[in-house]
Amino acid sequence: MTGRLAGKRAFVTGAGQGIGRAVALAFAREGASVFAASRTLAKMADLPELDTAITPVALDVTDGPAVARVIADAGRLDVLFNCAGWVHNGTILDCSEEDWTRSLDHNVTSIYRTIRVALPRMIEGGGGSIVNVASVASSISGVASRAAYGASKAAVIGLTKAVARDFIGSGVRCNALCPGTTLSPSLEGRIQASADPEAMRRQFIARQPMGRLGTVEEMAAAAVYLASDESAFMTGTILTVDGGQTL
């Protein structure tokens, strides 16, 4: 098997759709054996048909014991890609305490859980690459109606840098991928749920000076780079892929 991830074993959360699904497929194409995790197993039923290197596993990343069990069962890991998350729409005044707690649990604490299990295995194996999906809506930029989401993604960046610093001598790297507005089933669902879907779509597109939305394949290409040895001199880095949104 050839490819930039040949011989590596990867675990991808949020692989049921969108960026996570595209990353699972891209990792497999680059030669990795991929454990693709999603709360809804049915969403990944076709992945082994598309690439036999992919093994779907059911996992709710908010369930700590399940995370520990499923990642342990995966055995040796060289790459951990944390993509599972949830988007709350609204200002802080629209955000209930339940919404706030859910945002942090899905977007930050879930990553705490997966890293806590995978990191010791990576250290024992001599190294690895952890890639956390944050966002330009974070400490990078304020985005309207993303109070809880932006706060949670800022925390992802902080956690990424902390892990990178603490384990820089162990061979484990930890970086954050920060997408701009990306066309995905999640985004499309929010567009269609709005009062005026076409106006909402134009609003999302207008964020990017390039005049279009990002694609999940573009985010997957960035993820492959961060997961591979091509980025071996990078850790604690924020890789922004946003069509100029934050310029």
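First things first, this report covers the structure right here in the doc. On a predicted model such as this, the values are computed, not experimentally measured, just so you know.

Along its length, the protein carries eight helices and seven strands. Taking 247 residues into account, the globule formula puts the C-alpha radius of gyration at 18 Å, and the protein, at 17 Å, falls close to it. Each principal axis of the C-alpha atoms in the protein carries an extent, and together these give about 50 × 40 × 35 Å. Across the 247 residues of the protein, 51% fall into the buried class. When contacts within the protein are restricted to residue pairs at least 6 apart in sequence, long-range pairs at least 24 apart make up 68% of them. Total accessible area on the protein stands at roughly 11,100 Å², and carbon and sulfur atoms take up 54% of it. The distance from the centre of the 23 positive side-chain charges to the centre of the 23 negative ones in the protein is 3 Å.

Turning our attention to unusual backbone geometry. A positive phi angle, near 60 degrees, is found at Ser145, a position not held by glycine. Examined against the element boundaries, Ser145 turns out to sit in the loop between strand E5 (128-133) and helix H5 (147-166). In this structure Ser145 comes out as partly exposed when scored by relative accessible area, which is 30%.

Our next topic: helix H4 (residues 97-125). Compared with an ideal rise of 1.5 Å per residue, which puts 29 residues at 42 Å, H4 spans 41 Å between its outermost C-alpha atoms and is within 8% of the ideal. Its axis deflected by about 40 degrees at Asp105, H4 carries its strongest bend there. Of the residues flanking the end of H4, it is Gly126, one or two places downstream, whose phi is positive at about 100 degrees.

A few words now on the pairing of strand E1 (residues 9-12). As defined by bridge partners, E1 adjoins strand E2 (residues 33-38) across four bridges and the pair is classed as parallel. Residue pairing in the sheet places Phe11 in a bridge with Phe35 of E2. A crossover connection joins E1 to the parallel E2 through helix H1 (residues 18-29); in handedness this β-α-β unit is right-handed.

To continue, consider the pattern of salt bridges. Applying the stated criterion to the full structure yields nine salt bridges. Its salt-bridge partner being Arg76, residue Asp78 comes within 2.5 Å of it at the nearest N-O pair. Relative accessible area serves as the criterion here: at 15%, Asp78 is assigned to the buried category. Among the residues examined, Arg76 registers a relative accessible area of 42% and is labelled partly exposed. When the shortest N-O distance is used, the salt bridge between Glu188 and Arg201 registers 2.8 Å. Within this pair, whereas Glu188 is found in helix H6 (residues 185-193), its partner Arg201 is found in helix H7 (residues 197-206), the two being separated by 13 residues in sequence. Residue class for Glu188 comes out partly exposed when judged on its relative accessible area of 24%.

The subject of this paragraph is the side chain of Thr160. Take Thr160: it is sitting in helix H5. Excluding its chain neighbours within four sequence positions, the residues that come into contact with Thr160 are Asn132, Cys174, Asn175 and Ala176.

As a further point, take the sheet that holds E1. Across a sheet, paired strands are connected by hydrogen bonds in the backbone, their directions being either parallel or antiparallel. Taking strand neighbours across the sheet as the criterion, the seven strands line up as E3-E2-E1-E4-E5-E6-E7 in an open arrangement whose pairing is parallel. The open sheet terminates on both sides in strands that have one partner only, identified here as strand E3 (54-58) and strand E7 (238-241). Within the sheet, the average angular offset between the axes of one strand and its neighbour, ignoring direction, is 20 degrees. Along the sheet, H4 contacts strand E4 (79-82), E5 and strand E6 (172-179); its crossing angle with E4, the most-contacted strand, is approximately 175 degrees.

Reading the values: the criteria
Residues numbered from 1 in each chain as written. Predicted model: local features only at pLDDT ≥ 70, side-chain atom pairs only at ≥ 80, totals over all residues. Heavy atoms only, no water. Helix = DSSP H or I, 4+ residues; strand = E, 2+ residues; numbered from the N terminus. Rg over C-alpha atoms; globule rule 2.2 N^0.38 Å. Buried < 20%, exposed > 50% of the residue type's maximum accessible area, 1.4 Å probe, protein only. Contact = heavy atoms within 4.5 Å. Areas by Shrake-Rupley, 256 points an atom, 1.4 Å probe, with all protein chains shown as cover. Lys, Arg positive; Asp, Glu negative; His and termini not counted. Charge placed at Lys NZ, Arg CZ, Asp CG, Glu CD. Expected span 1.5 Å × (residues − 1). Bend = angle between axes of the 7 residues up to and from the residue. Pairing = 2+ DSSP bridges. Right-handed = clockwise from strand over helix to strand, strands pointing away. Salt bridge = Lys/Arg side-chain N within 4 Å of Asp/Glu carboxyl O. Axes fitted to C-alpha atoms, helices over the stretch in contact; angles between N-to-C directions.

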